[in-house]
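Chain and residue survey
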Amino acid sequence: MLLYSAFASVRLNYITSFIANIIGVEIIITTNRQVFSVATSKKINYSNEAICAEEYQITPYSLLFQNTIKTIDVEIATCRQQPCFFAPQNDSHGFDIFAAIFYLITRYEEYLPHEKDSYGRFAHTNSLAYKHSFLHLPIVNIWLKDLMERLSTAHHPLSTINSFKFTPTYDIDIAYAHKHQSIIKNIGGFFKDLMRGDLEKVIERANVYSGTAKDPFDVYDWLDGLHKTHQLHPIYFFLLAEKRSGYDKNVPPKSSGIRQLIQRIQRKYQVGIHPSWQSGDNKKLLINEFLQLEKITHKKCSISRQHYIRLNLPETYRNLISAGITADYSMGYGSINGFRASVASPFYWFDLEKNEATNLLIHPFCWMDANSYFEQHLSADKAFLELQQYYDSVKKVNGNCTIILHNNFLTEQPQWLAWRKLYERFLSMIE
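Let me begin by describing the structure that accompanies this report. Position labels on residues start from 1 in each chain and follow its written sequence. Given that the model is predicted, a residue must reach a pLDDT of at least 70 before its local features are reported, and side-chain atom pairs must reach 80 or more before they are shown or counted; all residues, however, enter totals for whole chains, interfaces and linings. Side-chain descriptors were evaluated using all non-hydrogen atoms of the structure, hydrogens and water having been removed beforehand.

Digging into helix α9 (residues 256-266)
- Summary of the burial criterion: residues with accessible area below 20% of their type's maximum are buried, those above 50% are exposed, and those between are partly exposed, where the area comes from a 1.4 Å probe applied to protein chains only. In DSSP terms, a helix is any run of H or I states spanning at least four residues, a strand is any run of E spanning at least two, and both are numbered starting from the N terminus. Within the span of α9, buried status applies to G257, I258, L261, I262, I265 and Q266. Around the axis of α9, the buried residues are gathered within 155 degrees of arc, so they sit on the same side.
- Along its buried surface, α9 packs onto α8 (220-230), β8 (235-238), β9 (270-273) and α10 (283-297).
- One side-chain oxygen of the residue at the start of α9 lies 3.1 Å from the amide nitrogen of G257, identifying that residue as S255. Here the arc refers to the set of directions running from the helix axis out to each C-beta atom. Residue contacts are counted whenever heavy atoms from the two residues lie within 4.5 Å of one another. In protein, a polar contact requires one atom able to donate a hydrogen and another able to accept it; more generally it is a pair of N or O atoms within 3.5 Å, and residues adjacent in sequence count only if both atoms are side-chain atoms.

Below is the structure:
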């Protein structure tokens, strides 16, 4: 496919590369009107002036020809029954799909002045997608599917090369509730439960300590069975903070129990680091945690997801790159389910401040159990329906449906049994 533009730019190169990867067609950019005019391939004219009869014209908004970050007045419109912006345009398409996709997947709005949530993160309520009620849609994929349909002809049929993919991922914040925890924590927890009169928890602890019952958070064999039955390829992210503090309450990484667990899991599945809350302010700690995982697995640590989705741009991604991470799974909100970057496909991170593409591959997620429970206050039944809706919406556009679960949500404890059954039911229904 040939794309004409009056000007070449880093941003235009980046977004056409992303789109080409989705639609499976190489997009060649030319600034030569004559070359464009005589070409016989499928042609997109990305300029303000018409050039030839057989072109598909998209009138450009100025965003892709800028190299700085500035406030943009984004007005939402509707095009073919879908929300859009950088419209209306008197052209073949109706809005500048290239600039709109760039704005969303680079998270342009997160570089602008904004309010933080209670955890110091970009609040989802600031986002364009939330304000205009399309956070639940992989709108970028929907737009591209529409573009392919409009560009397809008998002579130049277009169809995505990407196939639907479902990836369950697990954040192992606390690998075991009682086993392999420090003696001080176990004794303190025992007396705390006793003082509260929580006899059920006291008995649970006593049974685990005596070896007569399995630790409630030890759901790994059960998960193995699900993965084998449904032919899944999950990813596990382990929290390995050296010091227990604040939001970091993991089993100590020096414990033989956690080390054996990680080694056992990495023999079957992909394993990544779950950078601690503390490491968000300390690059040295971040690197130490990566090295700790590599020491345990005897493999290079190349993938990550931020604990509590503590993601601040561009600092977080720059730190990950400098530590050797090549793929990150943090692109989503820790406060609501949905598509933070409005896309259900992997994309390379574009550093807006430096105005350059990077080699850090971003894998967005759209649903997390903790969001459904703690933030959206959904019952297990309603969370099941929500999860099914996200799965269906991604499958419809041949995207990547990545979800997050926590081992402590999948136990047989009374509080969580319905969530465990939710996951079993969901997996059985999507086969």
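The structure having been displayed, the exposition proceeds.
Digging into unusual backbone geometry
- A cis geometry characterises the amide bond from L313 onward to P314, with omega recorded as 5 degrees.
- Mapping P314 onto the fold places it in the loop between β10 (303-304) and α11 (315-322).
- Positive phi outside glycine occurs at N355, with the angle close to 55 degrees.
- Tracing the backbone through its elements, the reader meets N355 in the loop between β12 (347-351) and β13 (356-362).
- Assessed through its relative accessible area of 14%, N355 is described here as buried.

Let's talk about the packing of helix α1 (residues 10-23) against helix α3 (residues 97-105)
- Closest axis-to-axis distance for the α1/α3 pair is 10 Å, and the angle between their directions is 90 degrees. By the angle between their directions, the pair α1 and α3 is classed as roughly perpendicular. Here α1 contributes R11, Y14, I15, F18 and I19 to the contact with α3, which in turn contributes F98, I101, F102 and I105.
- By the convention adopted, Pro, Cys, Tyr, Trp, Phe, Met, Ile, Leu, Val and Ala count as nonpolar, Lys, Arg, Asp and Glu as charged, and the other residues, Gly among them, as polar. For the contact of α1 with α3, the per-class residue count stands at eight nonpolar, no polar and one charged. Note on method: axes are straight lines fitted to C-alpha atoms, helices fitted across the in-contact stretch only, with angles between N-to-C directions ranging 0 to 180 degrees. An angle below 35 degrees is read as roughly parallel, one above 145 as roughly antiparallel, one from 65 to 115 as roughly perpendicular, and any other as oblique.

A word on the packing of aromatic side chains
- For Phe, Tyr and Trp, where Trp contributes only its six-membered ring, two rings pair if their centres lie within 6.5 Å, and the inter-plane angle classes them as stacked under 30 degrees, edge-to-face over 60, or tilted in between. Inspection of every chain in the model, using the stated rule, returns 40 aromatic pairs.
- Ring centres of F237 and Y329 lie 5.5 Å apart, and the angle between their planes is 55 degrees; on these two criteria the pair is classed as tilted. Linking F237 in strand β8 with Y329 in the loop between β11 (327-328) and β12, this pair joins segments that are 92 residues apart in sequence. In this pair, the class of F237 matches that of Y329, namely buried.

Observations concerning the sheet that holds strand β4 (residues 56-57)
- Here, strands pair whenever DSSP counts at least two bridges between them. Pairing is parallel in the open sheet, where four strands are placed in the order β2-β1-β3-β4. The sheet is open, and its two edges are formed by β2 (28-30) and β4, each paired on a single side.
- Direction of pairing for strand β3 (residues 43-46) relative to β4: parallel, over a ladder of two bridges. By the bridge assignment, N45 is partnered in β4 with Q57.

Remarks on the state of the cysteines
- The term disulfide is used for any two cysteine sulfur atoms that are within 2.5 Å. What the rule picks out here adds up to zero disulfides.
- Of the cysteine sulfurs around C401, a residue in no disulfide, the closest is that of C366, at 4.1 Å.

Details of the side chain of D91
- Along the polypeptide, D91 turns up in the loop between β6 (82-84) and α3.
- For the buried D91, which has no salt bridge, the nearest side chain bearing the opposite charge is R150, at an N-O separation of 7.4 Å.
- Here the side chain of D91 touches H93 through a polar contact of 3.1 Å, landing on its backbone nitrogen.
- Side-chain polar atoms of D91 contact the backbone nitrogen of G94, separated by 2.8 Å.
- Setting aside residues up to four positions removed in sequence, D91 forms contacts with Q57, I58 and T59. Counting rule applied: Lys, Arg positive; Asp, Glu negative; His and chain ends not counted. A pair is scored as a salt bridge if a Lys or Arg side-chain nitrogen falls within 4 Å of a carboxyl oxygen belonging to Asp or Glu.

Side note on the pattern of salt bridges
- Per the stated rule, a full pass over the model turns up 16 salt bridges.
- A salt bridge links D117 to R121, with the nearest nitrogen and oxygen atoms 2.9 Å apart. This pair shows no difference in class: D117 is buried, exactly as R121 is.
- For the salt bridge of R318 with E353, the shortest nitrogen-to-oxygen distance reads 3.2 Å. A residue pair is termed long-range when its members are at least 10 positions apart, and R318 in helix α11 and E353 in the loop between β12 and β13 qualify at 35 residues.
- Salt bridges sharing common partners tie together R107, E109, E110 and R340.

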